[in-house]
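This is what each chain is made of:
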Amino acid sequence: MHPRLATDRDGLPHLLETVRQHAADVLARIAEQEVVPAAPLPEPASLSVQGAGLQAALDEFAARWEPVLSASAGPRYLGFVTGGVTPAALAGDWLTSTWDQNAFSSLDGAGQHLERETIGWLRSLFGLSDRQHGTFVSGATMSNTVGLAIAREWLGEQRGVSPAEHGAGSLGAVRVLSGAAHSSVPKGLSMLGLGRRAMVSVPTRPGREAVDLPALEHALAEGEADGPCIVVANAGTVNTVDFDDLRGIAALRERYPFWLHVDAAFGAFAALSPDHAHLVDGLDLADSICVDLHKWLNVPYDSAVQFTRRPDLQTSVFQNAAAYLGPLGDTPDMAHLTPENSRRLRALATWFTLRAYGRDGHREITERCIGCARALGDAVDGIPGLRLLAPVRLNVVCFTLADDPTAERLTALTEQMADEAFLTPTVLDGVPALRAAFSNWQTTETDTGRVAAALQAALHKL
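Residues numbered from 1 in each chain as written. Predicted model: local features only at pLDDT ≥ 70, side-chain atom pairs only at ≥ 80, totals over all residues. Heavy atoms only, no water.

A. Representation of the sheet that holds strand β4 (residues 229–234). The strand order β1-β7-β6-β5-β4-β2-β3 describes an open sheet built from seven strands, whose pairing is mixed. Of all strands in the sheet, those bounded by a partner on one side alone are β1 (133–137) and β3 (199–201). The average undirected angle you get between the axes of adjacent strands in this sheet is 20°. Sitting on the sheet, helix α5 (residues 111–126) is in contact with β1, β6 (288–292) and β7 (304–308), with an inclination near 110° to β1. Contacts from helix α11 (residues 311–318) reach β1, β5 (258–263) and β7 within the one sheet, and its direction differs from that of β7 by about 120°. (Pairing = 2+ DSSP bridges. Helix = DSSP H or I, 4+ residues; strand = E, 2+ residues; numbered from the N terminus. Axes fitted to C-alpha atoms, helices over the stretch in contact; angles between N-to-C directions. Contact = heavy atoms within 4.5 Å.)

See the structure below:
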């Protein structure tokens, strides 16, 4: 054995304690460190021939790279839709690496059974029925892509072909209708051979990102001669967290044949709040669903889940024919359900946080984030020089400068407050804007007040 490996193996208990203490120190200060550090990036280093051992690697990482890492796990990182890591999820993730399970085959251990138990808990959390079969994937992009892949096979079923066997070209032209689809949807269509141009934008309701139901019905009727299509509905758009009328869209299937995929990447968590659960009414009627877990569930990257009512079509797409895997059987192994074969036991961090805090703990996180978003929305509304671009429906505040809202001026604004908070740029109805997304389990009203104060101070420096 290499001497560095042998030394680290023999000293592993002490080394792990050192790493534990270091991690605890990082987490203790993350709420107060610069959210986006201004320190310059380190120059690339050459690979060591002999290696330095774990302790030296930890020391170098702490000295060279930690000073430039963002505090994305902290309470005032409001960019994208980024959750943190609950204490239980952190423990689960550490044990995921400790056990190092490749949970793709039932031939090896209980990992798949733990995943199925966790999927059952998630179904309950989001108010889904047992008809929704779920699997862990890496993120919302892969979750949407898997859902669309199953939808592609359903289109083939309607036309008497199998795209999984004969290729996407066997389908001919395909239409995918949506009001305000996330960018991962056309990306998925590209990967699946359906093409980005299959995406058909349907008008949304005036001043909204929610699809206009009569316009959707008109688009369905207009393309009826082309046969069945795919409809991608939104349960929480990125800019304004708008929700399509899921039950109303599902009812259109009585007159028009289409596969209903719902992108509920973070909007699904509205189901946890009694005051907001109506926003996802009808979610269970979807043929496939995307939910991202490293957002509002606050488990580490990368983790998401996809659900579908047609696991038979899912295995038609993703089955892996190899003698060592055995037949599909009544309960197919995970290797037959997603693009991946080898993958870590992503379910374990989710299992830990759900077991540790239950529905009530995660409801509290959800409702606190909603409260913080509304508080910031009220603050923005009261700051001269800023204006809200949409009502705060859930956990995102979308706003811009009252005068001359250019992308350059908004960038300058965020740079002025980068040490205190991080927001991401966007464009809404052609207007450059900023969005603050609340999804971290640690964020409080105190943090919201600090963000509002930082905004006001940055405005004075423009």
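B. Unusual backbone geometry, seen in detail. That bond from Tyr 301 to Asp 302 is cis: its omega, -5°, falls within 30 degrees of zero. Despite not being glycine, Asp 100 has its phi angle at roughly 50°, a positive value. Within the secondary structure layout, Asp 100 lies in the loop between α4 (87–99) and α5.

C. Quick peek at α4. In a regular helix each residue adds 1.5 Å, so 13 residues correspond to 18 Å; α4 covers 19 Å between its end C-alpha atoms and thus fits that length. Residues Ala 88, Ala 89, Gly 92, Asp 93 and Thr 96 constitute the buried set of α4. Down the axis of α4, the smallest arc covering the buried residues is 135°, so these residues share one side. In the core, the buried residues of α4 are packed alongside α12 (347–381). Among the residues trailing α4, Asp 100 stands out with phi positive, at a value near 50°. (Expected span 1.5 Å × (residues − 1). Buried < 20%, exposed > 50% of the residue type's maximum accessible area, 1.4 Å probe, protein only. Arc of directions from axis to C-beta.)

D. A look at the pattern of salt bridges. Evaluation of the coordinates by the stated rule reveals 25 salt bridges. The partner of Glu 66 in a salt bridge is Arg 29, with the nearest N and O atoms 3.4 Å apart. Note that Glu 66 is positioned in the loop between α3 (54–65) and α4 and Arg 29 in helix α2 (residues 12–29), a separation of 37 residues in sequence. Among the residues examined, Glu 66 registers a relative accessible area of 15% and is labelled buried. Where Glu 340 meets Arg 346, a salt bridge forms, and the shortest distance between an N and an O atom there is 3.0 Å. (Salt bridge = Lys/Arg side-chain N within 4 Å of Asp/Glu carboxyl O.)

E. Geometry of the pairing of β1. For β1, the buried fraction is high: four of the five residues fall into the buried class. In terms of strand pairing, β1 meets β7 through five bridges, oriented antiparallel. Bridging across to β7, Val 137 finds its partner in Ala 304.

F. Representation of the pairing of strand β10 (residues 424–428) within the structure. Only one face of β10 is covered, namely the face carrying Thr 424, Thr 426 and Leu 428; the face carrying Pro 425 and Val 427 is uncovered. Connecting β10 to the next strand, strand β11 (residues 431–437), in antiparallel fashion are two residues, including Asp 429 with a positive phi near 55°.

G. Geometry of the sheet that holds strand β9 (residues 396–401). Read from one edge of the open sheet, four strands run β8-β9-β11-β10, paired in antiparallel fashion. Strands with a single pairing partner mark the edges of an open sheet, and in this sheet they are β8 (386–388) and β10. Averaged over all pairs of adjacent strands, the angle between strand axes in this sheet comes to 40°, irrespective of strand direction. Pairing between β8 and β9: three bridges, direction antiparallel.

H. A look at the environment of Thr 350. Relative to the helices and strands, Thr 350 resides in helix α12. Accessibility expressed as a relative area gives 0% for Thr 350, which makes it buried. Along the chain, Thr 350 and Ile 119 lie 231 residues apart, while their C-alpha atoms are 9.3 Å from each other.

I. Quick look at the packing of helix α6 (residues 140–159) against helix α8 (residues 184–191). Following both chains from N to C, one finds α6 and α8 inclined at 55°, their axes separated by 9 Å at the closest point. The angle between the axes of α6 and α8 places the two elements in the oblique class. The handedness of the crossing between α6 and α8 is right-handed. Each of Thr 141, Asn 144, Thr 145 and Leu 148 in α6 lies in contact with α8, whose residues at this interface are Ser 184, Val 185, Lys 187, Gly 188, Leu 189 and Met 191. Broken down by class, the residue content of the contact of α6 with α8 amounts to four nonpolar, five polar and one charged. (Parallel < 35°, antiparallel > 145°, perpendicular 65-115°, else oblique. Left-handed = near helix turned anticlockwise from the far one by under 90°. Nonpolar A, V, L, I, M, F, W, Y, C, P; charged D, E, K, R; others polar.)

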